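# Structural overview for review
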Amino acid sequence: MVLEYYWLLRSVLRAKPVLRACRTRCRHCRIFFLTHPRNVCRRDLRCPFGCRQAHRKRASAQRSAAYYGNAEGKHIKSRLNQRRPRKYCAPEPPSDRPRAPAVRPRPGPGNPTIVEHVRMVASLMEGRRVSRRAIQQMLATVLRQHTMVRRRRIDQAVLWLNEHPP
């Protein structure tokens, strides 16, 4: 997948040489990606493919541990814990009625962070603002279609399994 991504990124940069300044490298995984023009000179960026969220989560845990480790934080946490109800809630006995199967909502096309990144890149490529709704519609149609590339049957099956893990 990374090779396909790099091939696509190179083709975009060949078609739009202006965007070469927007190409940057993730500080964590070192993958190239396109960033907004206002972030061109920054070297502390992380990619929108998971590194950004992982760093944010790790930093939040560190801040929380540091805060609740000092005396003031321990006092506040103690007060919060004392305000919790102390009564035990026994589990409900199973009912004889059959439960209706849970209806799972159909997920939208992709991760919201990735959709936002695609929207930003599409806006840069087209030179105009592209709405999130337009990107979601485009992704819904693209992700619904089968690939037109001629592949061996086993390669197509492996690709499908990578996109839809069991």
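Structure: see above.
Residues numbered from 1 in each chain as written. Predicted model: local features only at pLDDT ≥ 70, side-chain atom pairs only at ≥ 80, totals over all residues. Heavy atoms only, no water.

The next point concerns the overall build of the protein chain. Helices and strands together make up the secondary structure of the protein chain, namely six helices and two strands. Overall, the protein chain shows an N-to-C arrangement of helices and strands of α-β-β-α-α-α-α-α. Across the protein chain, every contact between residues at least 6 apart in sequence was considered, and the portion connecting residues at least 24 apart equals 32%. Accessible surface for the protein chain amounts to roughly 14700 Å². Of this, 56% is attributable to carbon and sulfur atoms. (Helix = DSSP H or I, 4+ residues; strand = E, 2+ residues; numbered from the N terminus. Contact = heavy atoms within 4.5 Å. Areas by Shrake-Rupley, 256 points an atom, 1.4 Å probe, with all protein chains shown as cover.)

This part is about the packing of aromatic side chains. In total, this model carries four aromatic pairs according to the counting rule given. Geometrically, the ring pair formed by Y5 and F49 is edge-to-face, given 5.4 Å between the ring centres and 80° between the ring planes. Linking Y5 in helix 1 (residues 2–15) with F49 in the loop between strand 2 (32–34) and helix 2 (51–69), this pair joins segments that are 44 residues apart in sequence. A residue is classified by how much of its surface remains accessible, and F49, at 38% relative accessible area, is partly exposed. Ring pairing ties together the aromatic residues Y5, Y6, F32 and F49, which thus form one cluster. (Phe/Tyr/Trp six-rings, centres within 6.5 Å; stacked < 30°, edge-to-face > 60°. Buried < 20%, exposed > 50% of the residue type's maximum accessible area, 1.4 Å probe, protein only.)

Turning our eyes to something else, we now look at the pattern of salt bridges. Between side chains of opposite charge, a pair can form when the charged atoms approach closely. Going through the model one piece at a time under the given rule, you end up with four salt bridges. Close ionic contact of R119 with E116 constitutes a salt bridge, the shortest N to O distance being 2.7 Å. You can see R119 and its partner E116 sitting in helix 4 (residues 112–126), three residues apart, about one turn around the helix. For E116, a relative accessible area of 26% corresponds to the partly exposed category. With its nearest N and O atoms 2.5 Å apart, the salt bridge here joins R132 to E116. Of this pair, R132 sits in helix 5 (residues 132–144) while E116 sits in helix 4, and the two are 16 residues apart along the sequence. Assessed through its relative accessible area of 44%, R132 is described here as partly exposed. (Salt bridge = Lys/Arg side-chain N within 4 Å of Asp/Glu carboxyl O.)

Another point: unusual backbone geometry. One can expect most non-glycine residues to show negative phi and most peptide bonds to be in trans. Not every positive phi belongs to a glycine, and R30 is a case in point at roughly 70°. Looking at the element boundaries, R30 is found in the loop between strand 1 (23–25) and strand 2.

A word on the layout of surface pockets. Here the second largest pocket is characterised by a volume of approximately 570 Å³. Around the second largest pocket sit 21 residues that line it, and T35, H36, R38, N39 and R52 are the ones nearest its centre. Put simply, the parts of the chain that give the lining of the second largest pocket at least two residues each are strand 2, helix 2 and helix 4. Sort the elements by how many residues they give to the lining of the second largest pocket and helix 4 lands first, with seven residues. Along the lines of polarity and charge, the residues of the lining of the second largest pocket split into six nonpolar, seven polar and eight charged. (1 Å grid on protein atoms, 1.4 Å probe; cavity = no way out; pocket = protein on both sides within 12 Å on 5 of 7 lines; lining within 4 Å. Points joined across faces, edges and corners; volume = space filled by probe spheres on them. Nonpolar A, V, L, I, M, F, W, Y, C, P; charged D, E, K, R; others polar.)

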